[in-house]
Amino acid sequence: MTTPPIDPRDLRHAFGRFGTGVTVVTTRNDVGEAHGATVSAFTAVSLDPPLAQVTLMRESKLSGFVAQRPFAINIMGAAQQDTCLHFAGRPMRDGPAWGQSSTGVPVLAGNAATLECRPWAVYDGGDHLIVVGEVVALEITPAAPLLFFGGKFHHLGGLVGGAPWDYCGDGHAAQSSFVPALAVL
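Values in this document were obtained by computation on a predicted structure and should not be read as measured data. (Residues numbered from 1 in each chain as written. Predicted model: local features only at pLDDT ≥ 70, side-chain atom pairs only at ≥ 80, totals over all residues. Heavy atoms only, no water.)

Sorry if this is basic, but what is going on with the packing of aromatic side chains here?
Ring pairs (aromatic) are described by centroid distance and by the angle formed between their planes. Counted under the stated rule, the structure contains two aromatic pairs. Both rings, one in Phe 87 and one in Trp 98, keep their centres 6.1 Å apart while their planes meet at 85°; by these two values the pair is edge-to-face. Of this pair, Phe 87 sits in helix 3 (residues 81–87) while Trp 98 sits in the loop between helix 3 and strand 7 (113–125), and the two are eleven residues apart along the sequence. Judged by relative accessible area, which is 13%, Phe 87 ranks as buried. Judged by centre distance (5.4 Å) and plane angle (70°), the rings of Phe 148 and Phe 153 are edge-to-face. For Phe 153, a relative accessible area of 24% puts it in the partly exposed group. (Phe/Tyr/Trp six-rings, centres within 6.5 Å; stacked < 30°, edge-to-face > 60°. Helix = DSSP H or I, 4+ residues; strand = E, 2+ residues; numbered from the N terminus. Buried < 20%, exposed > 50% of the residue type's maximum accessible area, 1.4 Å probe, protein only.)

For this particular structure, what's the right way to read the pattern of salt bridges?
Under the criterion given, the structure shown has four salt bridges. Between Arg 58 and Asp 124 there is a salt bridge, with its nearest N and O atoms 2.4 Å apart. Here Arg 58 is found in the loop between strand 5 (51–57) and helix 2 (61–66), whereas its partner Asp 124 is found in strand 7, with 66 residues between them in sequence. Here Glu 134 ties to Arg 118 by a salt bridge, and the two come within 2.9 Å at their closest N and O atoms. Here the residue Glu 134 occupies a position in strand 8 (residues 128–140), and Arg 118 occupies one in strand 7, the gap between them amounting to 16 residues. Judged by relative accessible area, Glu 134 falls into the buried class, the value being 17%. (Salt bridge = Lys/Arg side-chain N within 4 Å of Asp/Glu carboxyl O.)

Looking at this model, I keep getting lost on the side chain of His 86. Mind explaining?
Following the sequence through the fold, His 86 ends up in helix 3. Among the polar contacts made by the side chain of His 86, one reaches the main-chain amide nitrogen of Met 92 at a distance of 2.9 Å. The residues touching His 86, leaving out its near neighbours within four places in the chain, are Pro 91, Met 92, Gly 95 and Pro 96. (Polar contact = N/O pair within 3.5 Å; in protein donor to acceptor, adjacent residues only side chain to side chain. Contact = heavy atoms within 4.5 Å.)

Please clarify how the sheet that holds strand 4 (residues 42–46) should be interpreted in this entry.
Either a parallel or an antiparallel arrangement is found when strands of a sheet pair, and the pairing is made through backbone hydrogen bonds. Taking strand neighbours across the sheet as the criterion, the seven strands line up as 3-2-6-7-8-5-4 in an open arrangement whose pairing is antiparallel. Since the sheet does not close on itself, it has two edges, and those belong to strand 3 (34–39) and strand 4, each with one partner. On average, each strand axis in the sheet is inclined to that of its neighbour by 35°, with strand direction left out of account. Alignment of strand 2 (residues 23–28) against strand 6 (residues 71–75), held across four bridges, turns out to be antiparallel. For Thr 26, the partnering residue across the bridge sits in strand 6 and is Ala 72. (Pairing = 2+ DSSP bridges. Axes fitted to C-alpha atoms, helices over the stretch in contact; angles between N-to-C directions.)

Here it is, written out as structure tokens:
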């Protein structure tokens, strides 16, 4: 049975229905200058070891740099829309505000959080590369995050019902201590 091909525009629209945070991934280019790109495909991977992933367009300049160089995942704050647009191709008049790094990798100022990474692994992701970095330093601020949904920037809304769980019901700790109610009968 043959399935019809997926229209790339429809797939992009479907992907856009998933709200994400916005990051700018920064590193140094071949001559040591700061270079970055706006990236919404960011995922936490592991706490032990501390790993995070970004997915970069295979043809981007950035994908050629971060596979072999330290990089930062700058998790954008709500006030950083202009910075996001700068790294997406709409340059700011005076450029972005740069912050202080503990590892020497270029980082932006005003982030909700900053993860400084060293390359861990790069995987084939079709027209993208899946880049996993080991987090070697981080900074967390009280800034609210900038969000992206449906092709537009958004701010964090109100809390909806609080935290749904205190632990992961499918995690290792749950395996030994969680007893389903039916099993007690």
